[in-house]
Amino acid sequence: MPETENKIPAGSGAAAAANEPQKGPAPAASPEPLLEIEHLKTYFPVKSGLWGRTKAHVKAVDDISLTLRAGETFGLVGESGSGKSTVGRSIVRLTDKTAGEIRYRGQDLYAMPERELRRLRPKIQLIFQDPYSSLNPRVRIGDAIGEAMLQHGLASPDNVREQVLEVLELCGLPRYHIDRFPHEFSGGQRQRVGIARALAMNPDLIIADEPVSALDVSIQAQIINLFRKLQRERGLTYLFISHDLSVVEHLCSRIGVMYLGSMVETAPRAELFGNPLHPYTKALLSAVPVPVPKLKRERIVLQGDIPSPVNPPSGCKFHTRCPLAFDRCKAEVPEFRDMGGEHFVACHLA
Amino acid sequence: MENLLRVNRLSTHFHTDEGTVKAVDDISFRVGKGETVCIVGESGCGKSITAMSIMGLIQAQGASGVTGGTIEFGGEDLLKLGKNELRTLRGSEISMIFQEPMSSLNPVMTIGEQLTEPLRIHRKLNRKAAAKRAVELIAQVGISRPEQIMDSYPHELSGGMLQRIMIAIAISCGPKLLIADEPTTALDVTIQAQILDMLRRFKDESEMSIMLITHDLGVVAEMADYVIVMYAGKIVEEGEVEVLFDDPKHPYTRGLLRSKPVLGQLQDELYSIPGQVPDPLELTESCYFHDRCEFCMDICRVKGPPLRGVGERQKTACWLYEEANVHA
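The structure reproduced in this document is the subject of the present report. Everything numeric here is computed off the predicted structure, so don't read it as measured data.

Calculation notes
- Residues numbered from 1 in each chain as written.
- Chains lettered and ligands numbered in written order.
- Predicted model: local features only at pLDDT ≥ 70, side-chain atom pairs only at ≥ 80, totals over all residues.
- Heavy atoms only, no water.
- Helix = DSSP H or I, 4+ residues; strand = E, 2+ residues; numbered from the N terminus.
- Rg over C-alpha atoms; globule rule 2.2 N^0.38 Å.
- Buried < 20%, exposed > 50% of the residue type's maximum accessible area, 1.4 Å probe, protein only.
- Contact = heavy atoms within 4.5 Å.
- Areas by Shrake-Rupley, 256 points an atom, 1.4 Å probe, with all protein chains shown as cover.
- Lys, Arg positive; Asp, Glu negative; His and termini not counted.
- Charge placed at Lys NZ, Arg CZ, Asp CG, Glu CD.
- Pairing = 2+ DSSP bridges.
- Axes fitted to C-alpha atoms, helices over the stretch in contact; angles between N-to-C directions.
- Phe/Tyr/Trp six-rings, centres within 6.5 Å; stacked < 30°, edge-to-face > 60°.
- Patch = residues over 30% accessible without salt bridge, like charges linked within 9 Å, V, L, I, M, F, W, Y side chains within 5 Å.
- Salt bridge = Lys/Arg side-chain N within 4 Å of Asp/Glu carboxyl O.
- Buried area = accessible area lost by both parts, 1.4 Å probe.
- Polar contact = N/O pair within 3.5 Å; in protein donor to acceptor, adjacent residues only side chain to side chain.
- Nonpolar A, V, L, I, M, F, W, Y, C, P; charged D, E, K, R; others polar.
- Expected span 1.5 Å × (residues − 1).
- Arc of directions from axis to C-beta.

**Some points on the overall build of chain B**
Right, so step 1: A count of helices and strands for chain B gives 13 helices and twelve strands.
Right, so step 2: The globule rule puts the C-alpha radius of gyration for 328 residues at 20 Å, and the 21 Å found for chain B is close to it.
Right, so step 3: Dimensions of chain B, computed from C-alpha atoms along their principal axes, come out at roughly 70 × 50 × 40 Å.
Right, so step 4: Looking at chain B residue by residue over its 328 residues, the buried ones come to 53%.
Right, so step 5: Contacts spanning at least 24 positions in sequence make up 64% of the contacts within chain B whose residues lie at least 6 apart.
Right, so step 6: Split by element, the accessible area of chain B, about 14800 Å² in all, is 49% carbon and sulfur.
Right, so step 7: Of the side chains in chain B, 34 bear a positive and 46 a negative charge, and the two mean positions are spaced by 7 Å.

**Observations regarding the sheet that holds strand β3 (residues 36-40) of chain B**
Residue and element names in this part refer to chain B.
Right, so step 1: Taking strand neighbours across the sheet as the criterion, the eight strands line up as β6-β7-β8-β3-β9-β10-β12-β11 in an open arrangement whose pairing is mixed. A strand with exactly one partner marks an edge of an open sheet, and here the two such strands are β6 (94-97) and β11 (308-309).
Right, so step 2: Against the sheet, helix α1 (residues 47-54) engages β3, β6, β7 (177-181), β8 (209-214) and β9 (226-231), with an angle of about 145° to β8.
Right, so step 3: Those strands touched by helix α7 (residues 159-171) are β6 and β7, and its axis lies near 175° from that of β6.

**Some points on the packing of aromatic side chains**
Residues and elements named next belong to chain A.
Right, so step 1: Under the criterion given, the structure shown has nine aromatic pairs over all chains.
Right, so step 2: Aromatic side chains F227 and Y238 sit 5.3 Å apart centroid to centroid with 85° between the ring planes, which places their arrangement in the edge-to-face category. Remark: Y238 occurs in strand β8 (residues 237-242) and F227 occurs in helix α7 (residues 217-234); sequence separation between them is eleven residues.
Right, so step 3: By relative accessible area, which is 1% here, F227 ends up buried.

**Re helix α11 (residues 251-259) of chain B**
Right, so step 1: Among the nine residues that make up α11(B), seven are buried, leaving the element largely enclosed by the rest of the structure.
Right, so step 2: Within α11(B), the full set of buried residues consists of P251(B), Y252(B), T253(B), G255(B), L256(B), L257(B) and S259(B).

**Notes on a nonpolar patch on the surface**
Right, so step 1: Judged by side-chain polarity, F295(B), M297(B), I299(B), V302(B) and L320(B) come together as a nonpolar surface patch covering roughly 390 Å² of accessible area.
Right, so step 2: Locating I299(B) in the fold gives a position in helix α12 (residues 298-302).

**Thoughts on the pairing of strand β3 (residues 73-77) of chain A**
Looking along a regular strand, one sees the side chains alternate between the two faces of the sheet.
Residues and elements named next belong to chain A.
Right, so step 1: Within β3, five of the five residues are buried, which leaves it mostly tucked inside the rest of the structure.
Right, so step 2: Judged by which residues are buried, β3 turns out to be covered on both faces: T73, G75 and V77 on one side and F74 and L76 on the other are all buried.
Right, so step 3: Pairing geometry for β3 and β8, over five bridges, is parallel. Residue pairing across strands places G75 opposite F240, the latter belonging to β8.
Right, so step 4: Here β3 pairs with strand β9 (residues 254-259) via four bridges, running parallel. Across the sheet, residue L76 finds its bridge partner in β9, namely G256.

**Regarding the interface of chain A and chain B**
Right, so step 1: With 50 residues of chain A at the contact, the number on the chain B side is 45 residues.
Right, so step 2: Taken together, the two surfaces of chain A and chain B that pack against each other cover about 4200 Å², and 55% of this comes from carbon and sulfur.
Right, so step 3: When the buried area of chain A at its contact with chain B is split by residue, V217(A), P291(A) and P293(A) rank highest and sum to 15% of it.
Right, so step 4: At the boundary of chain A with chain B, the tally comes to four salt bridges.
Right, so step 5: Here E222(B) ties to R299(A) by a salt bridge, and the two come within 2.8 Å at their closest N and O atoms.
Right, so step 6: The tally of links between chain A and chain B comes to 19 residue pairs in polar contact (both at pLDDT 80 or more).
Right, so step 7: Counting residues per element, the ones that place at least two in the side of chain A that touches chain B are α1 (12-18), α7, α8 (245-251), α9 (269-274) and α10 (279-287) of chain A.
Right, so step 8: The dominant element in the side of chain A that touches chain B, judged by the number of residues it contributes, is α7(A), at ten residues.
Right, so step 9: The residue makeup of the side of chain A that touches chain B, split by class, is 24 nonpolar, 13 polar and 13 charged.

**A word on helix α5 (residues 127-140) of chain B**
Helical geometry note: an α-helix holds 3.6 residues per turn, so side chains three or four residues apart project in the same direction.
Residue and element names in this part refer to chain B.
Right, so step 1: Here α5 is 14 residues long and its end C-alpha atoms lie 20 Å apart, about the 20 Å a rise of 1.5 Å per residue gives.
Right, so step 2: Among the residues of α5, those classed as buried are A130, A134, L137 and I138. Seen from one end, α5 has its buried residues packed into an arc of 95°, which puts them on one side. Turned more than 90 degrees from where α5 packs its buried face, K128 and K132 sit exposed.
Right, so step 3: As for α5, its buried residues are in contact with α4 (111-122), α6 (146-150) and α7.
Right, so step 4: Residue G142 follows α5 closely and has a positive phi angle near 80°.

Written as structure tokens, this is what we have:
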């Protein structure tokens, strides 16, 4: 693997780490597809005027395809407005798609009768950035977790408390927390509650939307380790949505980079971080501050802001900020091409 | 290096119904001319309260507020200044930018009005001259079409642009000290890179000092000359940036550096500091970090360690190094 080349030099530790590419995230994923997303489009109407006529669409997700294999951790990265959260929400049907197909174990999630979807729901769980706003402040966390288990028939009234205790312990929360209210927890503990609630459903796939972004560094490390422990023990599949590339590198086996609703590059971890092909990925990587003061990196500083998704640039959406853009980029949308070794990129120059 | 700001034994306490919160507890540090000092720590460590105390933004209510110490700036104690004297200093000699640019700008005033206000008050420019200078400033912070931006309202601009406007306002009167409280935390990484580059450029051009408050060790490594690490209202370690990152002494600093995932350095398991920050109402005489510290000794449970020099360019508050100190 040409992993050490072009690697961002990150001080003395980098060389040692680069020599052991196997170290780190997730065990080898099995090739069986758990979730397939094909040409997903999720648009939001922009309404205006007295009659609320639809004036335009925000193309939050604009033709994205990806496949999650059982047991892997797929990282979805991008800046605000890239549509990464909308992908997650479209999968669990919190936001309805506009076009395309999402299949879970071969079944189309949007073509399924309500009843069957309900049966499937526990299998795909979502964890949010701010668990506080997703917990009812008046419900004890034991009840909040237990209720979902009862609703889905995963526990009976006699053993629900025992089961809740079990899942709390698994997530590193002491047993006596079961009768506490959400406000009695710190940020890190609340995220553990969020994870426990998802886990109680005995899911196959967990979609985690910026689960560690609101946490302090020392707590963030605890939660990241918890995610990995649970994956090892339960064989979970994660779709990990984050803007933090250092966390994503640490946790994910494959990564997709989004920009303005489009996927610009996907690759296995070592490839993406060692040999990024898209100029946006390169810029994103070089913009991450590295805690090594001596390091003087050549940095690609992108000019300008992210354009509005209501009116995205023509051709390649990145051409307005791309340091390498040429005429063709303005006119022609680059194809998402296979570069070999599961490395896909949408760039005319690649 | 000549001192610009000298904070001496500053304490800021808040009295609540449940007890006294020592948000900032007897801390001393200095910022030299043209130096960038970073204060780093996790939420609740008192880093923002330190900045607000310096700016005189903490209102005294009963026994709450700045309860002790001095803040010397250019030979004067800021804590002894009257309201009007402080007002002439703020926005001209010392200015501040915050994490949320949207909530620090007035939503019903145009960008132009907000940019020209300090120029007219502090620099006594007339309307026309102030407007001309404001346009220059907008261009300086890298925004195109400055004339058009002058007439825009904050809600019409993106977060990155607003933070640039905040910086333009902050540097408009050529301050000697810029206090930046998590200026890039709410921004995307590519925008963060632009803003940090810009701050560095302004600092180099004008010999301004920067006091940068952040929780991101990556940002510290890129920006700081000198670093101060705070924990539960106290300084636990400080030192020149390269020394501190190369050879952190305090177990908390070490833990922080080890628990951050770093691009290009894969680890099997991330190191994590066990437990969590102590409740500010339940602090005792002990070292505040003792129950999370793997090197905790008997003395740590009963007595807080003083901040002392270890080597020439570094200080730490930890009993582990006390003995070495005595024998040195």
